[in-house]
Amino acid sequence: MTTINNTTYQLPPKEIANLVDITPTPAISISPDGQWMMLLERPNLPSIEVLAQPELKLAGIRINPRTNGESRTAYYTNLKRRNIDGTNEQTIKGLPEQVKIQYISWSPNSAHLAFTVTETNGISLWVVNVQTLQAKQLTTAVLNNVFSGHPFTWMPDGQSLIYRSILENRGHIPEASLIPTGPKVQESLGKTAAARTYQDLLKNEYDAQLFEYYATSQMMQTDLQGNQQTVGTAAIIDSFSPSPNGQYILLQTICRPFSYLVPYFRFPMEIILWDKVKGQTINITKLPLAEDVPVAFGSVRTGPRYFTWRADAPATLYWVEAQDGGDAGKEAEIRDQMFFMEAPFMGKKQASVSTKLRYGGVVWGNGELAVLYQWWWKNRQEITSFFQPDQPSLPTKTVFEQSWEDRYHLPGNFVTEPNKAGKRILKISKNKKSLYLIGEGASPEGNRPFVDELDIFTQEKKRWWRSQSPYYERPMKIMDEQQGIILTYRQSQEERANYFLRHLNNDTLQQITHFPHPYPQLKNTQKQLLKYQRKDGVKLTATLYLPPNYDKEKDGRLPVLVWAYPREFKSAAAAGQVKESPHQFLMLWSGSPLYWLMKGYAVLQNPSMPIIGEGDTEPNDTYIKQLADDAEAAINHLVDDLGIADRKRFVIGGHSYGAFMTANLLAHTDLFAAGIARSGAYNRTLTPFGFQAEERTLWEVPDIYIDMSPFMYAHKIKSPLLLIHGDADNNPGTYPMQSERFYYALKGHGATVRLVMLPHESHGYRARESVMHVLWEIDQWLTKYV
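Notes on the structure in this doc start here. Note that the structure is predicted; figures quoted are calculated from it, not measured.

**What to know about the overall build of the protein**
Tallying secondary structure elements over the protein gives ten helices and 46 strands in all. For the protein, the C-alpha radius of gyration of 27 Å lies close to 28 Å, the compact-globule estimate for 786 residues. Overall, the protein is about 75 × 75 × 60 Å in size when its C-alpha atoms are taken along their principal axes. At a minimum sequence separation of 6, the contacts of the protein that also span at least 24 residues come to 58%.

Listed below in structure tokens is the structure:
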């Protein structure tokens, strides 16, 4: 029987609803000079009214036409300044009532903090004097923020900012004609142009006109008193950045012809410099439409890309050009070549270093030292090298080379710091001999974050410090290298995360925030890091949570909610590595499975679900078998080895690719009493040019696409399945039709299934009404079938 029930929003049991409504912990932002800490207060979940505001879906982005900014963004509600030691808390003065603050940015000299305020009809730019605590509005609600990223940035002198502004006289919003002028035509002339599945693309010329209307902006500059001046000419400005000396503005602009096949970042682009001193434009290059980027992972557009300033030089522009036609499927000795050009940008480009793998970025230091990253998908290889920017003809020097899957041996990330221009550069020791690394420190005992010192000349490492049991303590910032002071974020199973100043020279710890335990009702929850094996010997791990005050002898075996997400690996050894810390504090979020601890469930969170393909074998060649073996191993460990679970009351659940996993486990095993699948994709023929970590196409491996699609096995699903999906999901491949069609297939074969479509929700669920209703749906499902 099919029932259509357009129900009103419901609330879950009170003990769960109370946890959802707990006020979030503030975020913090540290000033560049390390003197100040700004507390950024966050609101509870927004109402569905917020999500129901008008929204335009154009060229792969979502725009709120009322504000001319991104829709569905998070914000802060208050600012409080403290000394770095946590003392002398002061509230910022002069903020509007019910303020919505975004894009926090310190000035290079730490004297001011800039941010945007989203108003009913637009976005304005504000600044706070950190000494006087006074907030000041610099612009009216004219900022253009349709693209992701900051709509403003500080100039290097710290005395002014540049920002994107909507045009002062841009005319009326384009109106759609009710009478078509002709058909929409797309044409392919024999050139391969495969593309992955994208959402929210332009559909017609009217969409293109809307995109131009809302995305076109004018660069402006304002000083700290609000005096404005124009910078350059109007364009669709995707990104912008001042040179370290402040004379030039690097602009990446988008131009026609647009595309109906790919998002805006594949549209034609012009790279332009604006010379503020001369008041003139310098044209660097034009990039054509990139519809034909190969689908092989690691492929890129041809021509110049990744334009950036050299952070330690006054005005030197760097970029990269593919030497393999941008095609990762081709053999090539050199994949990418770096080029640069110095001010006044009138000469020819000069070659810098090249990479044998795909270029992955640069961290600048000085003329004698910069760090170059390169990577390759096929073998999960990454190489970290040193090179000398002032002597580009010299070869690079490899410092680290490893598989990024091998977490136990990852060296960490080089520590950076802002220079006087506000650009981030390598933090080099006072004696110019060392760099610093901060890493997660994965190990068989769990993650143990660390700080290392690396000798630049010998590459020998010296360990400064490493997190110790029973705490998980993550370094955030080196505050003073000579005094050995680092800012850390410290927590344990019993103590919620707070910030500390750790003094390494005298081994003391100074707590600078005192955020309280957010969930007293979950204080006696038991947490265990589990280690077990798959039947083929692959090592697996999981985090087990047991309900508060659970007593095995008294309470007996429990129902278990398994919440998982499969991952692909090229190495069985890497797949078996421990990926979390047993000492992290229990933290809830709107989509967390841990709410069900309050209902007496054990929760197995993030159990290893590795899909392994070593050598020439691809992981998905044996996806179904490996997935079933992963699940069976977890269940056997809880039932047979630990004796805490009821084999007949296991529930499998997941979000996105975890939902895909859930449906496959119900289709191909009888291990679970019920399933919960949120925002998944179930028919892989609808993502024919690749999905997740699968880069082969449907036409290359049709059997794999079909065998991995639970839609094709709807007739085999017998356990009750709850499908939940946002009706505005914009994640590639998981459009709402995936759940709708899967529901029809299950219904047609007599399955027990319920489909819940959430109005206005995207891939993740944000509105309080939606989050509460999802929890109610799950509670009802578990109560009825488990």
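**A look at the layout of surface pockets**
By volume, the largest pocket is sized at about 1300 Å³. Forming the walls of the largest pocket are 49 residues, and the residues nearest its centre are Pro-32, Thr-416, Pro-418, Gly-422 and Arg-424. Elements with a contribution of two residues or more to the lining of the largest pocket: strand S1 (27-30), strand S8 (101-106), strand S12 (152-154), strand S15 (228-242), strand S27 (413-414), strand S28 (416-418), strand S30 (434-439) and strand S33 (472-480). Counting residues per element, the lining of the largest pocket draws most heavily on S33, at six residues. For the lining of the largest pocket, a count of residues per class yields 24 nonpolar, 15 polar and ten charged.

**Here we look at helix H3 (residues 205-215)**
Inspection of H3 places Asp-207, Ala-208, Leu-210, Phe-211, Tyr-213, Tyr-214 and Ala-215 among the buried residues, and these make up the whole buried set. On its buried face, H3 is in contact with strand S3 (56-58), strand S4 (61-64), strand S14 (216-223), S15 and strand S16 (248-254). Capping of H3 at its N-terminal end is provided by Asn-204; its side-chain oxygen lies 3.2 Å from the backbone amide nitrogen of Tyr-206.

**Section: the packing of aromatic side chains**
Tallying each qualifying case throughout the model produces 33 aromatic pairs. With 5.4 Å between their ring centres and 85° between their planes, Phe-211 and Phe-258 make a pair best called edge-to-face. Here the residue Phe-211 occupies a position in helix H3, and Phe-258 occupies one in the loop between S16 and strand S17 (269-275), the gap between them amounting to 47 residues. Taken individually, Phe-211 and Phe-258 each receive the classification buried, so the pair is uniform in this respect. Taking 5.2 Å as the distance between ring centres and 45° as the angle between the ring planes, the aromatic pair formed by Phe-689 and Trp-699 counts as tilted.

**What to know about unusual backbone geometry**
Of note, the bond from Ala-343 into Pro-344 is cis; its omega dihedral lies within 30 degrees of zero at 10°. Position of Pro-344 among the secondary structure elements: in the loop between strand S21 (336-342) and strand S22 (350-355). A cis amide bond, omega 10°, links Ser-469 with the succeeding residue Pro-470. Assignment of secondary structure puts Pro-470 in the loop between strand S32 (461-466) and S33. The phi dihedral of Arg-72 falls on the positive side, at around 60°, and the residue is not glycine.

**Concerning the side chain of Gln-221**
One can find Gln-221 in strand S14. The class of Gln-221 is buried, set by a relative accessible area of 10%. At 2.9 Å, the side chain of Gln-221 and the side chain of Ser-160 are in polar contact.

**Observations concerning the nonpolar core**
Leu-604, Leu-638, Phe-650, Phe-672, Leu-723, Phe-742 and Leu-746 are the most contacted members of the largest nonpolar core, which totals 61 residues. Core analysis: the next-biggest nonpolar cluster, separate from the first, contains 33 residues, Val-20, Val-756, Val-774 and Leu-775 among them.

**Regarding the sheet that holds strand S13 (residues 160-165)**
Spatially, the seven strands line up as an open sheet ordered S12-S13-S14-S15-S16-S17-S18, and their pairing is antiparallel. Both outer strands of the open sheet, S12 and strand S18 (280-287), are each paired with one neighbouring strand and no more. Each adjacent strand pair in this sheet contributes to an overall mean axis angle of 30°, direction not counted. Note that S16 and S17 share seven bridges and pair antiparallel. By the bridge assignment for S17, Ile-249 is matched with Trp-274. The strands touched by H3 are S14, S15 and S16; relative to S14, the strand with the most contacts, the crossing angle is about 5°.

**Details of the pairing of strand S23 (residues 358-366)**
Within S23, seven of the nine residues are buried, leaving the element largely enclosed by the surrounding structure. Looking at chain direction, S23 and strand S24 (residues 369-376) are connected through seven bridges and run antiparallel. From the neighbouring strand, Arg-358 faces S24, where its bridge partner is Trp-375. Here S23 folds back onto S24, and the loop between the two strands holds two residues.

**Some thoughts on the environment of Asn-204**
The residue Asn-204 is located in the loop between S13 and H3 in this model. For Asn-204, a relative accessible area of 30% puts it in the partly exposed group. A sequence separation of 344 residues divides Asn-204 from Pro-548, and the C-alpha atoms of the two residues are 56 Å apart. The residues touching Asn-204, leaving out its near neighbours within four places in the chain, are Lys-184 and Tyr-260.

**Some thoughts on the pattern of salt bridges**
All chains considered together, the criterion is met by 36 salt bridges. The salt bridge partner of Lys-378 is Glu-695, with a shortest N-O separation of 3.0 Å. Linking Lys-378 in the loop between S24 and strand S25 (381-387) with Glu-695 in the loop between strand S44 (674-678) and helix H8 (702-707), this pair joins segments that are 317 residues apart in sequence. On the basis of relative accessibility, which here comes to 46%, the residue Lys-378 falls in the partly exposed class.

**Quick notes on the pairing of strand S11 (residues 134-137)**
As paired elements, strand S10 (residues 122-129) and S11 share four bridges and run antiparallel to each other. Paired with Val-128 across the bridge in S11 is Ala-135. Joining the antiparallel neighbours S10 and S11 is a turn of four residues, in which Leu-133 adopts a positive phi near 70°.

**What about the sheet that holds S10?**
Sheet architecture is open: four strands sit in the order S8-S9-S10-S11, paired in antiparallel fashion. Each edge of the open sheet is held by one strand with a lone partner, namely S8 and S11. Sheet twist, expressed as the mean angle between neighbouring strand axes with direction ignored, is 25°. Relative to S10, strand S9 (residues 112-119) runs antiparallel, the two being bridged by eight bridges. Considered in S10, the bridge of Glu-119 is made with Gly-122.

**Observations regarding the environment of Leu-586**
For Leu-586, the position within the fold is in the loop between helix H5 (572-575) and strand S41 (602-605). Sequence-wise, Leu-586 and Glu-175 are 411 residues apart; in three dimensions their C-alpha atoms are separated by 51 Å. Those residues in contact with Leu-586, other than ones at most four positions away along the chain, are Tyr-519, Leu-522, Thr-525, Tyr-545, Leu-594 and Leu-597.

About the cut-offs
Residues numbered from 1 in each chain as written. Predicted model: local features only at pLDDT ≥ 70, side-chain atom pairs only at ≥ 80, totals over all residues. Heavy atoms only, no water. Helix = DSSP H or I, 4+ residues; strand = E, 2+ residues; numbered from the N terminus. Rg over C-alpha atoms; globule rule 2.2 N^0.38 Å. Contact = heavy atoms within 4.5 Å. 1 Å grid on protein atoms, 1.4 Å probe; cavity = no way out; pocket = protein on both sides within 12 Å on 5 of 7 lines; lining within 4 Å. Points joined across faces, edges and corners; volume = space filled by probe spheres on them. Nonpolar A, V, L, I, M, F, W, Y, C, P; charged D, E, K, R; others polar. Buried < 20%, exposed > 50% of the residue type's maximum accessible area, 1.4 Å probe, protein only. Polar contact = N/O pair within 3.5 Å; in protein donor to acceptor, adjacent residues only side chain to side chain. Phe/Tyr/Trp six-rings, centres within 6.5 Å; stacked < 30°, edge-to-face > 60°. Core = buried A, V, L, I, M, F, W, Y, C linked by side-chain atoms within 4.5 Å. Pairing = 2+ DSSP bridges. Axes fitted to C-alpha atoms, helices over the stretch in contact; angles between N-to-C directions. Salt bridge = Lys/Arg side-chain N within 4 Å of Asp/Glu carboxyl O.

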